[in-house]
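# Observations on the three-dimensional arrangement
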Amino acid sequence: MKRIAIIGGGISGLSAAFALEEKRGAGAALDYALFEAADRCGGVLVTQRVDGCLVEAGPDSFLTEKPWATELCRKVGLGEQLIGSNDVDRKTYILVNGKLVVMPDGLMFMVPTKIMPTILSSLFSAGSKLRMAKEWFHPPRKAEGDETVAALVERHYGAELVDRLADPLLSGVYGGDASQLSVRAVLPRFAEMEAQHGSLGRAMLAARRKMANASTSPRPLFTSLKDGMQQLVDALLARLPATAFRPNRIIQSIRPQDGGWMIASQHGSDYFDSVIVATPARNAARILQETNSELASELDGIQYSSSVTLTLGYDQSVRAALPPGFGFLVPKSEGKRMLAATFVHNKFPHRAPDDRALIRCFMGGSRDEEILASPDEEILRTARNELQQIIGIRAEPQFSRVYKWRGAMAQYGVGHLERLERIAKLTQQHPGLALAGNGFRGIGVPDCVRSGAEAANLVASESGSPMQPASTHYSRNPQ
Ligand SMILES: Cc1cc2nc3c(=O)[nH]c(=O)nc-3n(C[C@H](O)[C@H](O)[C@H](O)COP(=O)(O)OP(=O)(O)OC[C@H]3O[C@@H](n4cnc5c(N)ncnc54)[C@H](O)[C@@H]3O)c2cc1C
């Protein structure tokens, strides 16, 4: 009987555990234990019911085009619980000079693909519109190496588009900074499109035509679960044997021993044949320090940012006064602490009764780590002030909830993919070791699900490469 330890009970570790459970169910001779530092599993997936509203503390949904989370939901019997975002009301605003300006129709991620809406939009200056027209004639360009998202976008569309679109979209997605994030790791399609088509606009348009020609009916941009993301955690946990989950175990180190691994926690040591480390990369670095300091140092080099989500519940009068749509994004140049806000009652209508408004604000990110140190009341005060300035809400919220996530969002900096290659090589020196989590090839929930399942397949089969090539990422902006 092969014994496998999984360290970290977030969605990555849980997905690994479930994949092993499926193998066990199919007759594989294996046993596993899931070690989690906290008293609950799920990591940043936390849903609460407050006053008839469904409040997500961490992720509220996942990108539909990435199938792995949806597939997992179906496997654990949640197929009937899957819901799509209310895309008929999808509209996102950008704050420009203190006013909300709607993102023009035809923007694909940040690339304009429709001429008239772009020309008529007040989101861009005349200079930027001219750049957009010229962009159409960009010749193909093979990238020599990695670069930041800001550098690529600025080359095509100029600095204004970085400020008004690229940066706010990425701070909403990654809590990150377009001038730091790697284009090859975060937006690999952009680098490919540039190499193949030159113009991102023409490439996006071609992709859109291809999608339109495919006979499939349009799918919602985001998928979630009726009772929130926690449903997935609960359903996964219910499918694991009761003895498999070991809460309140902070794993301090893992060491190779006698062809297997000695796992040490504050409660002592235990021996396993294989181990999946599914924690944030910097925690993995600590755990692996004694075993391979070079690997630990590479893992430690993966940066993380912190974030704060704040949900406010309001009454009907606020709901009636809000602009239609999913919410807004705030460029850095506006000088606010709020990065984005989602009108939850529009994005997923059944998450609030018809006579309520539910607004979820995002703060923090790599430029404002200090906010984590602020007391909840101060965060609430700041958010309310800024909501008043941006959308004129003066009303007292009926309730509010603040959630702080320290170092939860991996930031894929320039050179991230090369770092992953080095990590893969170093990990291969240790048979029976696999890594999973959001530090590697995608921070979205579907990517984490996939990374956990791949790690489980690897250690169960004891062959193949410890980190499978995979890619593309999720988008969490409220469009
Ligand atoms: C505020 C927020 C909003 C997000 N929104 C979205 C969204 O809308 N859509 C989307 O797709 N993605 C979203 N994401 C990203 C996504 O939710 C995460 O990347 C993903 O859930 C991470 O899962 P994980 O299991 O890899 O890590 P985590 O959830 O961080 O779990 C890691 C677990 O490891 C445990 N651990 C750490 N060290 C040890 C140790 N030494 N011993 C034992 N256990 C340990 C931790 O306690 C934790 O439970 C969001 C993230 C945040 C923070």
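Note that this is a predicted model, so its numbers are computed, not measured.

### Considerations on the site of the ligand
What surrounds the ligand is a group of 38 residues, the closest being S12, E36, S61, I443 and V445. One of the backbone N or O atoms of I11 is found 3.0 Å from an oxygen atom in the ligand. D60 is positioned such that a nitrogen or oxygen atom in its backbone is 3.4 Å from an oxygen atom of the ligand. The protein chains hide 94% of the 1,000 Å² of surface that the ligand would expose on its own. Residue assignment for the shell around the ligand shows that the elements contributing at least two residues are helix 1 (11-25), helix 11 (281-288), strand 17 (303-315), strand 21 (399-411) and helix 17 (445-461). Of the residues contributing to the shell around the ligand, the split by class is 20 nonpolar, 14 polar and four charged.

### Considering the confidence of the model for the protein
Per-residue confidence for the protein gives a mean pLDDT of 92, with 96% of residues at or over 70. Contacts from residues 463-479, a stretch scored under 50 in pLDDT, to residues over four places away or in other chains number 76 contacts.

### Digging into the packing of helix 12 (residues 293-300) against helix 16 (residues 416-428)
One way to put it is that helix 12 packs onto helix 16 with a least axis distance of 10 Å and a crossing angle of 150°. In terms of orientation, helix 12 lies roughly antiparallel with respect to helix 16. At the point where helix 12 passes helix 16, the crossing takes the left-handed sense. Where helix 12 approaches helix 16, its residues E294, L295, S297, E298 and L299 are matched on the opposing element by R419, R422, I423, L426 and T427. For the contact of helix 12 with helix 16, the residue count by class is four nonpolar, two polar and four charged.

### Points about helix 2 (residues 67-75)
For helix 2, every residue scored as buried is listed here: A69, T70, L72 and C73. In an axial view of helix 2, the angular spread of the buried residues amounts to 160°, which keeps them on one side of the axis. Along helix 2, the residues that are exposed and aim more than 90 degrees away from the buried face are R74 and K75. Along its buried surface, helix 2 packs onto helix 1, strand 5 (62-63), strand 6 (82-84), strand 11 (222-225), helix 10 (230-238) and helix 17.

### Notes on the pairing of strand 1 (residues 2-7)
Most of strand 1 sits out of view: five of its six residues are buried. Across six bridges, the pairing between strand 1 and strand 2 (residues 30-35) is parallel. Looking at strand 2, one finds that I4 is bridged to Y32. In this region the chain leaves strand 1, passes through helix 1 and returns to the parallel neighbour strand 2; the handedness of that crossover is right-handed. The pairing of strand 1 with strand 16 (residues 274-277) spans four bridges and is classified as parallel. Bridging across to strand 16, A5 finds its partner in V275.

### Concerning the packing of aromatic side chains
What the rule picks out here adds up to three aromatic pairs. A centroid spacing of 5.8 Å and a plane angle of 90° characterise the contact between F35 and F272, whose relative ring orientation is edge-to-face. Taken together, the residues F35 in strand 2 and F272 in strand 15 (residues 268-272) connect sequence positions 237 residues apart. The exposure class assigned to F35 is buried, which follows from its relative accessible area of 3%. Centre to centre, the rings of F109 and F190 are 6.4 Å apart; their planes meet at 75°, and the pair counts as edge-to-face. Separated by 81 residues along the polypeptide, F109 in the loop between strand 9 (107-108) and strand 10 (111-112) and F190 in helix 8 (residues 188-197) bring together distant segments of the chain.

Conventions we followed
Residues numbered from 1 in each chain as written. Predicted model: local features only at pLDDT ≥ 70, side-chain atom pairs only at ≥ 80, totals over all residues. Heavy atoms only, no water. Near = heavy atom within 4 Å. Polar contact = N/O pair within 3.5 Å; in protein donor to acceptor, adjacent residues only side chain to side chain. Areas by Shrake-Rupley, 256 points an atom, 1.4 Å probe, with all protein chains shown as cover. Helix = DSSP H or I, 4+ residues; strand = E, 2+ residues; numbered from the N terminus. Nonpolar A, V, L, I, M, F, W, Y, C, P; charged D, E, K, R; others polar. pLDDT = per-residue confidence, 0-100. Contact = heavy atoms within 4.5 Å. Axes fitted to C-alpha atoms, helices over the stretch in contact; angles between N-to-C directions. Parallel < 35°, antiparallel > 145°, perpendicular 65-115°, else oblique. Left-handed = near helix turned anticlockwise from the far one by under 90°. Buried < 20%, exposed > 50% of the residue type's maximum accessible area, 1.4 Å probe, protein only. Arc of directions from axis to C-beta. Pairing = 2+ DSSP bridges. Right-handed = clockwise from strand over helix to strand, strands pointing away. Phe/Tyr/Trp six-rings, centres within 6.5 Å; stacked < 30°, edge-to-face > 60°.

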